[in-house]
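# Chain and residue survey
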Amino acid sequence: MGKIRVVRLSGVIALALIMAGVGGLALAQDAGQQEQPAGQQEPKAEPQEPQTDEAARTDFVGEIVVTAQKRTENAQEVPISLTAVSGEDFRAIMAGGPDVRFLSARVPSLILESSFGRAFPRFYIRGLGNTDFDLNASQPVSMLVDEVVLENPVVKGMPLFDIDRVEVLRGPQGSLFGRNTPAGVVKFETKKPKQDFQSDWRVSYGTFDTIDISGGIGGALTDTLSARFSGLYQSRSDWVENRHTGDDSALGGHETKAYRLQLLWEPNEKFNGLLNVHGWDIDGTARIFRANILEHGSNRLVDDFEQDVVYQDGLNKQEISSMGAVLRFEYDFGGATLTSVTGYESIDDMYSRGDIDGGFGAVYAPPYGPGFIPFVSESADGIPSLDQVTQEFRIASNGGGPFNWLVGAFYFNEEMTADTFSYDSLSPGNPQDGHAFQSQDAESYALFTSVDYLIAEKWLLKAGLRYTQDEKDFAAERPDPTFQTPTVAPITAHTDDDFINWDLSATYKASRDLNVYGRLATGSRAPSIQGRILFCADFAGGADPASNCVSVADTEEITSAEVGVKSILADQKLKLNLAAYVFEVDGQQVTAVGGAYNTSTLLNVDKTQGYGFEADIEYVASANFWTTFGFSYNPTKIKDKNLTVAPCGGGCTVLDPAGPGNTVYVDGNSLPHAPEWIFNQIINFQMDPLSKGFFGSLDWSYHSEKNFFLYESEEFRGDALEIGLRLGYGFAGGKYEVALFGRNITDEVNVEGGIDFDNLTGMTNEPRTIGLEFIARL
């Protein structure tokens, strides 16, 4: 599988080079036809908003405006390694209605994966992430939508629609974005109301009866009040056959609905207020676990593997209902602007159930299969209620001088309850045979500031500082019996910590189009509590459940150094951004997931080290042809000679040295889901920059081999290559488009993760989908 993928990757790169060569010839021809007088250059583009769907393509690199530092800035002048995705590129990779995981490997240093399916995405930047599957898990990558942090991993599964742009900020962002950002931040900005009437919608139909309808409509209600309504409807029919039950269409389908209503009030030039009310629902299949799909002793798929077939005796279902609101005020005092952002997110109901062993029966209850099934495992997780409230106040200078500043305060509160259930797959109706529940109250507040000073004509210094206090109260109990232990009495845990994060950067403006920067930064992840007590005490041999079932990880701290170059070259036709970094994490929080006893334990690693480099490149050959290309190199290493974890219980080939008991040493291993190499590219062509005419885009992404767990094995690791294509015709001045799209057009089967406690169970990517879409912009 690896050799075939390398050949295909080489072919994709060769095709990309050929298309780039064609673009180069087009550029040369264009230069010959429009020769400038000696010494005269084409004028630099004026600052503009991020390129919208309606804007005509130009023959130079456009300016991208971001809010990576809570100010509106040119991305080329921000001393942070970042990628912003919008416009045609965003539209290409969103074809077919994917969930947030579509961003995985689509920008340098970013990986996403999930063991819940369309819910509970787990983010990794520069190799730093968290494999914890508990419903109160924390992550070192923060996700924000319209300036509101989405803390809970289920809330992070919010459907994406009517999006203006995505900003991926790499490296610690602790000063401005606070706790749980030591790896970075992924920011989504939705399209906002305007006084001008706007309506843009996307409708598509594809393989497996996949339907995707999304878009927004808005405009002025009065001279001072404007509105925008955005909606989403997605569905897919079940496409996976369960040959154990004889159901031809058993799994794989879903129905997703979402809405957003925004009201923007602008009574005068100094004040504006924005109200955002939104909600979403998912009803469909959870993650599909597939028993024994990997060959023993390698990570190749077994010869008889079929992606559209399973053999399962367990049930699979996922339901999520969520709603939220954002209230944002802004007042311009003249010399400074006050901003208030109030956020509320909730989960009214969440339930996700799956056949974890991925097969049917067990060795003690034949028949069983496919392959060896040592014992049955069917479980579900649920959130009966979750409420998150956030408040941020900040006041920032409006510029105009050599010194600028920003000060702010932040508050976070979350209250959640969660359930875990086990089921008996061997009994008729799969009755419940175990239940545990937990609750967690989290509260945090912070004070922060950022200043920058132009110390000379070409030198700008920036500094940030943040103080954070964080507290959590956790309780769990198991009132219902399971295998061996009848009940577990209530167990409680408490954390309380405060910490300071800072950053310092210097930027040298070598010329109008060349900035060189260096940055030192720290970040922290607040203490975490894990209490998945449904099964853990069953294997504790009568030991105190409190010491075996609940684990606490202390605060992790990262220190990072980064240098970078941001440049616009070749007469504004080439954007070349490069960054190199090194970091060390003290006490990184990791989760020992699975193992022979299917436990989940939080641990603090002594040290974790990483280094690497990243490149963001955009080349505009002409108004008809342009491409973006990114790559990153992100090696990581665990530095803890005493750290041991339980390896697989399903017969995998462990490569690490044996430790005490049923454990192995993981010192020197790379972090899970941390590939060393990531490559991605989008190649765009359109016949007419004004009316569009025929157009096309080819996109591909690749990441090298990564481990799925803290330990290394022959089986539980894999790489991935996916290619997308979009071909269409635009007419009526580009207002309408009809396009044929394909995702994963080579139908690659990539194993994205594993379940290791029972057998060689794997989880795979989405199969090839082909469809037709219509886009209207009015």
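Attention in this report is confined to the structure presented alongside it. (Residues numbered from 1 in each chain as written. Predicted model: local features only at pLDDT ≥ 70, side-chain atom pairs only at ≥ 80, totals over all residues. Heavy atoms only, no water.)

## A short note on the pattern of salt bridges
Applying the stated criterion across every chain, the model contains 50 salt bridges. Close ionic contact of Glu73 with Lys462 constitutes a salt bridge, the shortest N to O distance being 3.9 Å. Here Glu73, found in strand E2 (residues 73–74), pairs with Lys462, found in strand E25 (residues 459–478); they are 389 residues apart in sequence, far enough to count as distant. The pair formed by Glu73 and Lys462 is uniform in burial state, with each residue classed as buried. Between Arg394 and Glu147 there is a salt bridge; the shortest N-O distance is 2.6 Å. Residue Arg394 is found in strand E22 (residues 378–397), and its partner Glu147 is found in the loop between strand E6 (141–145) and strand E7 (148–150); the two are separated by 247 residues along the sequence. A relative accessible area of 25% means that Glu147 is categorised as partly exposed. (Salt bridge = Lys/Arg side-chain N within 4 Å of Asp/Glu carboxyl O. Helix = DSSP H or I, 4+ residues; strand = E, 2+ residues; numbered from the N terminus. Buried < 20%, exposed > 50% of the residue type's maximum accessible area, 1.4 Å probe, protein only.)

## Details of the packing of aromatic side chains
Here a ring pair, both rings aromatic, is described through the centre-centre distance and the interplanar angle of the planes. Taken as a whole and assessed by the stated rule, the structure comprises 26 aromatic pairs. Considering the side-chain rings of Phe90 and Phe102, the 5.7 Å spacing of their centres and the 80° angle between planes classify their relative orientation as edge-to-face. Of this pair, Phe90 sits in helix H2 (residues 87–93) while Phe102 sits in the loop between H2 and strand E4 (110–113), and the two are twelve residues apart along the sequence. Taken individually, Phe90 and Phe102 each receive the classification buried, so the pair is uniform in this respect. Centroid distance Tyr351 to Phe421: 6.4 Å. Interplanar angle 55°. Geometry classified as tilted. Of this pair, Tyr351 sits in strand E19 (residues 336–355) while Phe421 sits in strand E23 (residues 403–423), placing them 70 residues apart in sequence. Judged by its relative accessible area of 19%, Tyr351 is buried. Under the relative-accessibility criterion, Phe421 is labelled buried at 15%. Three or more aromatic residues joined by ring pairs form one cluster here, namely Tyr611, Phe613, Phe629, Phe631, Tyr633, Trp677 and Phe679. Here the basic side chain of Arg179 rests over the ring of Phe412, its NZ or CZ set 4.7 Å away from the ring centre. The ring of Tyr423 carries the charged tip of Arg353 above its face, separated from the ring centre by 3.4 Å. (Phe/Tyr/Trp six-rings, centres within 6.5 Å; stacked < 30°, edge-to-face > 60°. Lys NZ or Arg CZ within 6 Å of the ring centre and 35° of its normal.)

## Focus: a nonpolar patch on the surface
Taken together, the side chains of Phe197, Ile217, Leu221, Phe229, Tyr259, Leu261, Leu263, Leu275, Met323, Leu327, Phe329 and Leu778 make up a nonpolar region of the molecular surface, amounting to roughly 1,000 Å² of accessible area. For Phe197, a relative accessible area of 51% corresponds to the exposed category. (Patch = residues over 30% accessible without salt bridge, like charges linked within 9 Å, V, L, I, M, F, W, Y side chains within 5 Å. Areas by Shrake-Rupley, 256 points an atom, 1.4 Å probe, with all protein chains shown as cover.)

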